Each structure stands twice: as C-alpha cells, then as structure tokens.
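Overview (structure and organization)
Next come the chains, spelled out residue by residue.
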Amino acid sequence: MDKILEALVSSSHPVNIKRAIVKKVIEAAEKEVTEEQCQALYHLTTRLILLGEDAFQRQVGLQVQEAYARFHRDEFARFLSKEYVLGLLQQGFDTLDRRDPAILDFLHGSLRLLISCPAVLELAPLLQTEFLWMICERPEPATCAKLATILTDFPQCIPREKAGVLFCQQLVRTFACFHCPATEERELREYVTQVTRVSALLQGIWKAELATLLPSLQEVFAIISSTDPSFEPSIALASLVQHIPLQMITVLIKSLTTDQNVKDASMTQALCRMIDWLSWPLANYVDTWVIALLKGLAAVQKFTILIDVTLLKIEQVFNRLWYPIVRQGALVVLSHMLLSFQHSPEAFHLVVPHVVPLVQSLKNDGLPNSKTFLLQFAELIHCMMYQYSGFPDLYESILESIKDLPKLSEEKIKFVLNQSAWTSQSNSFASGLPKLTSKSETGKTGLLNLGNTCYMNSIIQILFMATDFRRHVLSLPLNGSNTLMKKLQLVFAFLGHTQRAAYSPRSFLEASRPPWFTGGSQQDCSEYLRFLLDRLHEEEKTLSALQVTSPKPAPASPSAKTVYDAACQPVADVPSHSVVVEGNGRTLVERMFGGRLSTAIRCLQCHSLSEKEEPFTDLSLAFCPSMSQPLGPTDEHKGSSTMGSCQGAVNGGSESLEGSGKEGAGIRIERPVVEPTLSVPDLVDYFLAPEILENDNCYFCECCSALQRAEKVMCVVEAPEYLILTLLRFSYDATCHVRRKILDNVGIPVHMYLPIQQHGSSASAAASSSSDSSESGENLAKKLKPSHKEEGIMDSRTKSEKNGNDSKTVPYVLNSVVMHSGMSSESGHYYSYGRNVSSTDGYLAQPCPRTQGNSSLSEVSTAPMEEMGNCVDHKSMDWFLFNDSRVTFTNFQSLHNVTCRFPKDTAYVLIYRKQEVSGQSSNAGPVINSSILSGEPPLQKELMDAITKDNKLFLQEQELNARAQALQATSASCSFRPNGSDDNEPPGSCGPSGGGGGGGFNTISRLVF
C-alpha cells in the first residue's frame, strides 16, 4: 500500500485521478492491516508531511496518517516512540533542522492523534526536558508560538517544580530576544499574535503554579535593569505586565524600591524601559505599574532617579499621545510625571512646543474619544501653566488653542498639585522607613523656628495671608536688588512654591530684626510688625528719592519707579493683561496699611479748637477700665494709646513691652472660663470716644495761655485697605511693680464697620460732642457697654440717621489674628490664624447710612450674621492655623473659642480687610483689567530660579537622609505620638503638635520659640 501511494503522489496523473485513488487508500484504513504495512505508511506520510514538494503531497500525508492512526492507534503509538521523537527534536528529519517549526507542527499533530492514549503520558517527561532545552536556545518568535500552542493543548508536557521555575525564567529571557525587524503591517500583526500566544502560556503556568510567578518577575526586572550597552531587551516584555495580578503591586514595588542591592543606575534603566512599554499596543496596566513604581521611588525619596527619568522620557511619553491605541495610558503617565515634577518648570517646558499641534490634531481627527481626551489633556495643561506662570511668550499660543475648553477652578488645581507632588506621595510602599518630610495637607508652608522667632514667623504668615499685599509684593520688579522688600518677596515666593514642609527665613530675620532686639530672646510681635512696615516704607521712599535725583532714562523705557508703582496698584486679582497705573507717590505700605487719624482738642474755657491729622499703620486699642472706676479714659489706658498712635511717618504707637519684672508675680493664674463680655468693636469705640483732659492732664490752651480743661476727640478720616488692630494686653501694675497681662476674652467678629469722619468735619464733631458736657459721662458710659447681639444693625443705622453728621462707615472682614499664649510679655508663644481674603472675597456690602462720627460700633459690628450680608459658615475649614513649622486646617469656631478653652491664649494682633462697597471705589486706586489667568502673579525668573535650585537641593537632602536612615531601619526603633487636636491641646502649646516653646498648658515660665 505504501509503494502504491508513493508512486501515485509522484506520478504525472491528473490531480482528480490522484484524489480518487487516495480516497480508496484512506477507506482501506478500516480494514485489517499488518504491523509492517502500518509502519511503512507512517514513515511515508511523515516524509510527505515534512518534505512534501507541494501542498498536495503534504495534504495527502496528513489525511492518510490521520486515518490510519485513528483505526490503528497502538501501531501509531509504537511508531511515535521516545527514540523517534528524541531523534526529531535533537537531529531533525533528513534535510530539516531540528528547530524547524514544521517539526513542531508535526509533533503537535501526532500528539493530538494520541490525545487520550497513555503514550502521551509516557512521552511527557521527555518532552518537558527537550522543550526546556529548546527554550534555553532562544528560538525565534514563530517557533516559540508553536511551542506555546503544543504546551497549551498538552499541559502535562510543561516542566514541573524546579524545572518549571527554570522554564519560566528562560521563557522570559527568550521574550527579551523577541525583536521584530518587520515593517509590513501583515508581518507586524503576525509578530504581535505570536508574542500574545507565548505570553498567554506564561499566564497559564503562573496561575497553575504560583511558585513560578515571583522568580519570573525577578527575571523580568533583572533583564530591564541591565546596564549592558550591548543588549537591549525587546519591548515584547510589555505583554507580560497584563498577566501580573494587580494585588501584588504594593508587595513588588516595596520589594524593588527598598532593596539596597538594586543600584540607582539599574533602577533608572528599569524605569526607562517600563516607560518604553507604553508603545506596546495590546498591553494592559502598563501605565498602572509605571505610576506605582514612580510613587514607590518618591516614597523612599529617590528623587535623583525620578528627575533623570522624567527629563529623559517626558517627550517620548508625550509623543505616544499621537497614537489612539496607546493614548489613554500615555496620558495617565504623562499627567503623573508632569504634576509630580514640581520643583522646576524644566520638564513641562520640554513638551510645551508640542502642545498646540496635538490640540489641533485632536480637534480635527474626528475620532469619538478625542473630545473627552482633549478635555482631560486641557485640564492637565491648565494645571501646569498655573504652577509655572510667568512665561507668557511660551503659553500665549497654548491659551489661544484651548480657550474654548473648560478649565479647573483654582481650588481644584491647588488640590491636584498638592496631592501629586513627590513630597506628598504615600509611604505605603516604604513601611519601616523614615516618614517623608512633606507639606501638610493644607498645601501651605510653615516657617522654621530659629530660636525664639515665633514673633517673626507669626507676622510673616499674616502678611502672607494678606492676599492683595502678597500679590503686590510678588509683582514688584526687584531683580538684582538687595533691599528688605526683595528679601520679603523671596520669603513670599518660597512660602507659595517651595516643596519643603517648612522654610527657614534666616536671611530675612537678620535683615529685618530691630537693632535693639537681642538674638535668641523673647520679643514682641506687634513691635516687630510696626518696625518692619516702617522699614519697608522708608526704604521705598529713599529709593524713590534717589531715582528722582538721578538722570532720567530714555522715554522709550519706563523707569523702575513707574514699574514699581504700577505693580503696587491694588487689584482684587492679578490680571493677565494689565494697564500701568501710577501710584500717586504713595509707598506700598501706605497704600495697603496706611490710614489717617485726626485729633481735635477744644478748650472748654474759650472754646478754641486745635486740630491735626497724622498717618497710622495700626491702631493700638487699650482695654476699657472697670465699671467701678471713674468713667472716661485714664492716662494709663486712653492716653498712651491715642498720643502714641502716630509715632513716626507711618507708625502707629503702642506701649512699650520692655520690663524686668519677674513673670508670675502678682498674676492670677486661675481664671474662670467665661464667654467674652467685650468685643473688638467695643475697644474701637473706646479708642474713638471723647476724652476730657483735666486735673493733672489739663490741656495748655495757646489762646488762654494757661492750662485748661479740654475735650479731645479722635476720628479716622481715611480708612486703610488692611486695618491692623493691636490689643494692649500688657499693663504695668504700680501696686505689685510688675507688668501683667490682661487676660480678658475679647469677642472677634468676622465682619465689622469702622466709622470714617469726612475731611474737615472733625471740628464739628468735637463741637457737637461737647455741646452738652453734663451728659458726656452718660454718653461715654453707653459707649462702654459690651455689645449685644440682639441689637440689630438697622436699629443702629436708624439712630445714626437722626444725628446726620458728615461721616460714613466702612465694612471690614477678618483676615488674620496673631495669638499670644502665655502669662506675660516676657514669655509665651505666638501663633496665628489666617485665611485668604481680598477686597471682594467677604461680601459686597451696601453703603451704610451716615452715622455720627463717634457712634457705637458694637451694635453694628456684632449684629446677627444673616443681617450682615452673606452668611458665614463658622465650621467650614477655610482658615489655617500657623504654628511655626506646623500648618493645619481650622475654622472660625476654633478661633472664636480658643480663649474659652485655653485662658492664656488670647488675641493680640488682628488684621481686617476693607471690603468694596457697591457704588464706591477703593481709596488705593483703580482696579485694573479683570481678565484672570491665575489668582497669583507669575513668578519672576530670578525668584523661580532660586526656588528651583532650592527644591532640587531639598530633594537631594531627602534622598540622602532616606538612604542613611534606611541602612539603620532594621535596628532603629521609632515611636510616634499623634498630633493633638484643638479640643485637647491649646494651639499655642509647645507639645508635639505645637510650634515649640516649652511646657504645656500649666507651665508658667514658658519662653517664646
């Protein structure tokens, strides 16, 4: 029969005749056939299958072999013996090489004919060994794909146990050699199909034997982390990622990032190659693993690797956005890389030139998912331009291309940036390692205590939270200067953009500390604030005077003074395109904090009047005397605050806090916790109340040429943009000869009105106030009454309308408060509350009816909140608590109750922001263009370079510290004490949650830190 078949297939007869005869031969398989005939047919059909000259001969061989093997299985099993199979795999067949894919196809077909026969199990051990050897020889993708098909159909031929682990590792190694030189689409599709088939085999082995998974992944990392320049692993390894269980991410990333044996060069190479995998079209979860590794490296503070890889690969990742099949995963990785690279604009600026072409392509390609993708991409670009503002030449074309697309709110952008920074990454990948020193969840930066410098830290923070002042300072063109304003600008820039949790203001301390302040000792924050503002004011005046006397520049370029004044103009928000506005010769301090106070003294004998106006930057508010004392201000309380309130050109006065008395002498330590009986408006009323000068305090009248009884009236004639109020809490006790702190709890309203007397009307106010001197004591007593919330604002306004004097009230909203925690001026601790408020952030108040110049504020300012305009949510977390290096979220309710809970913690310095009134304009100048790109002004290049340099230094410091401590992590023991809450610990305390400064709540002799 074999001779007939061999002659037939090689004859020249027509194909149809050949097919008819072959059919007879196949039908004969059902009849009895001898062993010799079967073996001869099997040898002949094998030769036809492997060496057939054409498709007809190969087809005849397959059909005849399948028919005779079905009816004579035992004979076929004896034909396919171990020796025969071993010969095929080790020596090949005739002219065929042993690794020819045709041999594997033949073997696969033969095993399928014996699928239920015990012969397969007998061949399995042999095939396991031979297949392992075959994989070790790094066969081509086509051969591996055929082998994968055999092993998928016959899993009993897969190597087991240790051999199975070795087989998987060698298969991974083979994957690394799967390079594809093809350029035709058909060849590329075939290549991808082959790789997918082999990766599916590995997935099946990993699922069946979990012990093979981890060694396989270790082999993958060893391959991609290789620094051998002569070997470049295939991108086909990306197809394995989708088969790794996602539950293993944390374990694997932790193992990789904390392994001290993994060198930085190897980790960098591995991360770069994983990013290359984003180009593999069918690999799922590559982006997930890449981001997990990026976060893991950030968690263990290996910032050098992150910086190098980001700068090296960011453009490549961006280019993947052009290909729809890999676009979404590439965007996820690109977003993480850009948003986390916050210490420098370098990475973002590498991709800026490619943004506009991509946006235009996405708008025009017509793909269904392009619109959604474009929205996500535009949000990313808005975040990056917000983070690195100040490059209009780079961003103008981008803004034009995405102007029709929605953008995230400023709050959302800040949240995204805060959560994405390397210093904000979770340390879950690095348990047991030192916790990363990162910013608080607020996104705000603290200030390091440099040794009893909490007085300076609290003042810097409240000035920084004065939104409009901060924006003006950051906008000033001060490049190359070494002025105090430049140093303040640098501090503000770092507070807004550094990645450090706390910034060290040492340079600013040395430049701004008053000469009489002893380094390292307790100081008064109010005195420091007054000195600082005066220095800034005088410095600007001096520079302006020097510019006036110097030769004028060419008309084509504006002078520095013009630019400086333009930058100082008050704006609700910094515009993207501004018009230069002159500053009218006033300094920035005058425009922001300067007001004017008028003092009129009327002689009660000849009724002559003396009047003068003086500037002020703060009002020093004395406490009202007790009701048991004679009504009217005393020398100690009223005289010191009013007469000293205009010291210097723009200076407001307050009593000196110098003293040598020992703390605790004559001071009551225990005080009952009571609700405040006084409010800030009460103290303002007392400050502005008429004062009778008599007895030892008589007034020398020039008309009478003698000392006479007189009445003094003070009134504010020009309201500042920021109203600074200092509560004079430190007084001298003549009985005990010590300086004691007034611990009275003062109510702090969110909104208040300040009465402003029109220019030229203070004299009439003085006359009207003394028209009935017999009732002055009664009138003053009314003014000294504590405010009552049940008296509404409308009642106050109605009463004031009857007086009809030429005055008005200006609305203010609370911006920040400095608290003093302690029992005397010689010790304690300062911390502050603050929030972002601009001239339009509070509420748009309606013009208040004109009131009598000295009419009570208490009724107006503490009226029910629903009557004051927009309701204030006292529990919303829109306030920040600044306690040296610690910054936390808080709310107004916490500020309001702090003195009730901690009697030694009292409000000391308050800043209120003037609110724009409908129909009235700001005193400080016009509001410039209202188009807004960002709420904050763009940083100048000099500032950006300084911050970028420091951020890089910080990341290097963190990395070095982490490496040093990681070496000792196994032997070091760590203890952790959670932060205290406001309800359990005073915010100004010096425990682990406080800002430093000594003992706890019951400590008396606590120094300022």
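Residues numbered from 1 in each chain as written. Predicted model: local features only at pLDDT ≥ 70, side-chain atom pairs only at ≥ 80, totals over all residues. Heavy atoms only, no water.

**Things to note about the overall build of the protein**
- Looking only at helices and strands, one finds 37 helices and 20 strands in the protein.
- Looking at the 1009 residues of the protein, the share that counts as buried comes to 55%.
- For the protein, the proportion of contacts with a sequence separation of at least 24, taken over those separated by at least 6, is 78%.
- Entry remark: accessible area of the protein is about 43800 Å², with carbon and sulfur atoms responsible for 53%. (Helix = DSSP H or I, 4+ residues; strand = E, 2+ residues; numbered from the N terminus. Buried < 20%, exposed > 50% of the residue type's maximum accessible area, 1.4 Å probe, protein only. Contact = heavy atoms within 4.5 Å. Areas by Shrake-Rupley, 256 points an atom, 1.4 Å probe, with all protein chains shown as cover.)

**Description of the pattern of salt bridges**
- This structure, assessed with the given rule, holds 30 salt bridges.
- Measuring nitrogen to oxygen at the nearest pair gives 3.0 Å for the salt bridge that ties Arg78 to Glu35. With Arg78 in helix H5 (residues 73-79) and Glu35 in helix H3 (residues 35-51), the pair connects residues that are 43 residues apart, well separated along the chain.
- In this structure, Glu721 engages Lys914 in a salt bridge whose closest nitrogen and oxygen atoms are separated by 3.2 Å. In this pair, Glu721 is assigned in the loop between strand S10 (710-718) and strand S11 (722-727) and Lys914 in strand S20 (residues 905-914), connecting sequence segments 193 residues apart.
- Residue classification places Glu721 among the buried positions, given a relative accessible area of 3%.
- Judged by relative accessible area, Lys914 falls into the buried class, the value being 8%.
- If you follow the salt bridges from partner to partner, you end up with Asp468, Glu721, Arg913 and Lys914 in one network. (Salt bridge = Lys/Arg side-chain N within 4 Å of Asp/Glu carboxyl O.)

**Side note on the nonpolar core**
- Formed by 210 residues in total, the largest nonpolar core has its most connected members in Tyr68, Phe131 and Phe469.
- One finds Ala719, Leu725, Met819 and Phe902 within the second-largest nonpolar core, a separate group that totals 46 residues. (Core = buried A, V, L, I, M, F, W, Y, C linked by side-chain atoms within 4.5 Å.)

**What about the pairing of strand S13 (residues 738-741)?**
- Bridge count between strand S12 (residues 730-733) and S13: four bridges; the pairing is antiparallel. Considered in S13, the bridge of Asp733 is made with Val738.
- Once S12 ends, the chain turns through four residues before running back antiparallel as S13, passing His737 with a positive phi of about 55°. (Pairing = 2+ DSSP bridges.)

**A closer look at empty space enclosed by the protein**
- The final tally for this structure, using the stated rule, is 11 cavities of 30 Å³ or more.
- A volume near 70 Å³ is recorded for the largest cavity.
- Every element with two or more residues in the lining of the largest cavity is listed here: helix H36 (892-901) and S20.
- Broken down by element, the lining of the largest cavity gets its largest block of residues, four residues, from H36.
- Among the residues forming the lining of the largest cavity, the class breakdown is six nonpolar, four polar and one charged. (1 Å grid on protein atoms, 1.4 Å probe; cavity = no way out; pocket = protein on both sides within 12 Å on 5 of 7 lines; lining within 4 Å. Points joined across faces, edges and corners; volume = space filled by probe spheres on them. Nonpolar A, V, L, I, M, F, W, Y, C, P; charged D, E, K, R; others polar.)

**Quick notes on helix H8 (residues 118-136)**
- Its 19 residues give H8 an end-to-end C-alpha distance of 28 Å, which sits within 8% of 27 Å, the value for a rise of 1.5 Å per residue.
- In H8, a bend of some 40° at Ala124 exceeds every other bend along the element, and Pro125, a proline, comes one to four places later.
- Of all the residues in H8, the buried ones are Ala119, Val120, Leu123, Ala124, Leu126, Leu127, Gln128, Glu130, Phe131, Leu132, Met134 and Ile135.
- Buried residues along H8 sit in contact with H5, helix H6 (82-91), helix H7 (101-113), helix H9 (141-153) and helix H10 (161-175).
- Trailing H8 by a residue or two, Arg138 shows a phi angle of about 55°, which is positive. (Expected span 1.5 Å × (residues − 1). Bend = angle between axes of the 7 residues up to and from the residue.)

**A word on the side chain of Asn457**
- By the secondary structure assignment, Asn457 is in helix H23 (residues 454-464).
- There is a polar contact of 2.9 Å between the side chain of Asn457 and the side chain of Asp884.
- Look past the residues within four positions of Asn457 in its chain and what remains in contact with it is Leu447, Leu448, Asn449, Pro505 and Asp884. (Polar contact = N/O pair within 3.5 Å; in protein donor to acceptor, adjacent residues only side chain to side chain.)

**Remarks on the confidence of the model for the protein**
- Chain-level pLDDT for the protein is 76 on average; 74% of the residues reach the 70-or-more range.
- Under a pLDDT of 50 for its full length, residues 427-435 has, in the predicted model, 29 contacts with residues more than four places off or in other chains.
- Of the regions scoring below 50 in pLDDT, residues 769-804 engages in 57 contacts with residues more than four places distant in sequence or in other chains. (pLDDT = per-residue confidence, 0-100.)

**Quick notes on helix H22 (residues 410-420)**
- Of all the residues in H22, the buried ones are Ile413, Val416, Leu417, Asn418 and Ser420.
- Buried positions along H22 lie against helix H18 (327-340) and helix H20 (370-387).

**Some thoughts on the packing of aromatic side chains**
- Under the definition given, this model contains 23 aromatic pairs.
- A centroid spacing of 5.0 Å and a plane angle of 75° characterise the contact between Tyr42 and Phe76, whose relative ring orientation is edge-to-face. One end of the pair, Tyr42, is in helix H3; the other, Phe76, is in helix H5, and 34 residues separate them in sequence. In terms of burial, Tyr42 and Phe76 fall into one category: buried.
- Seen from their ring centres, Phe494 and Tyr503 are 4.7 Å apart, and the 15° between their planes marks the pair as stacked. When sorted by exposure, Phe494 lands in the same class as Tyr503, which is buried.
- Members of the aromatic cluster, joined through ring pairs, are Tyr455, Trp516, Phe517, Tyr528 and Phe531.
- Lying across the ring of Tyr722, Arg913 places its NZ or CZ 4.6 Å from the centre. (Phe/Tyr/Trp six-rings, centres within 6.5 Å; stacked < 30°, edge-to-face > 60°. Lys NZ or Arg CZ within 6 Å of the ring centre and 35° of its normal.)

**What to know about the environment of Ala270**
- Residue position: Ala270 is located in helix H15 (residues 264-276).
- With relative accessibility at 0%, the residue Ala270 sits in the buried group.
- Taking C-alpha positions, Ala270 is 8.2 Å from Ile223, a pair spaced 47 residues apart along the chain.
- Setting aside residues no more than four positions away along its own chain, Ala270 makes contact with Phe221, Ile224 and Ser225.

**Looking at the packing of H20 against helix H21 (residues 392-401)**
- One can describe the packing of H20 onto H21 by two numbers: an axis separation of 12 Å at closest approach and a directional angle of 150°. Taken as axis vectors, H20 and H21 run roughly antiparallel relative to one another. The hand of the H20/H21 crossing is left-handed. Contacts from Ile381, His382 and Met385 of H20 reach H21 at Tyr395, Ile398 and Leu399.
- When the residues that make up the contact of H20 with H21 are grouped by side-chain class, the tally is five nonpolar, one polar and no charged. (Axes fitted to C-alpha atoms, helices over the stretch in contact; angles between N-to-C directions. Parallel < 35°, antiparallel > 145°, perpendicular 65-115°, else oblique. Left-handed = near helix turned anticlockwise from the far one by under 90°.)

**Here we look at the side chain of Gln194**
- Looking at where Gln194 falls in the secondary structure, it is placed in helix H11 (residues 185-208).
- For Gln194, the contacting residues outside a window of four places in its chain are Pro141, Ala142 and Ala145.

**Considering the pairing of strand S18 (residues 879-883)**
- The element S18 is extensively covered by neighbouring structure, given that five of its five residues are classed as buried.
- Every second residue of S18 is oriented toward a common face, with Trp879, Leu881 and Asn883 on one face and Phe880 and Phe882 on the other, all of them buried.
- Pairing of strand S17 (residues 829-834) with S18 involves three bridges; the strand directions are antiparallel. Bridge pairing in S18 links Tyr833 to Leu881.
- The pairing of S18 with strand S19 (residues 886-890) spans five bridges and is antiparallel.

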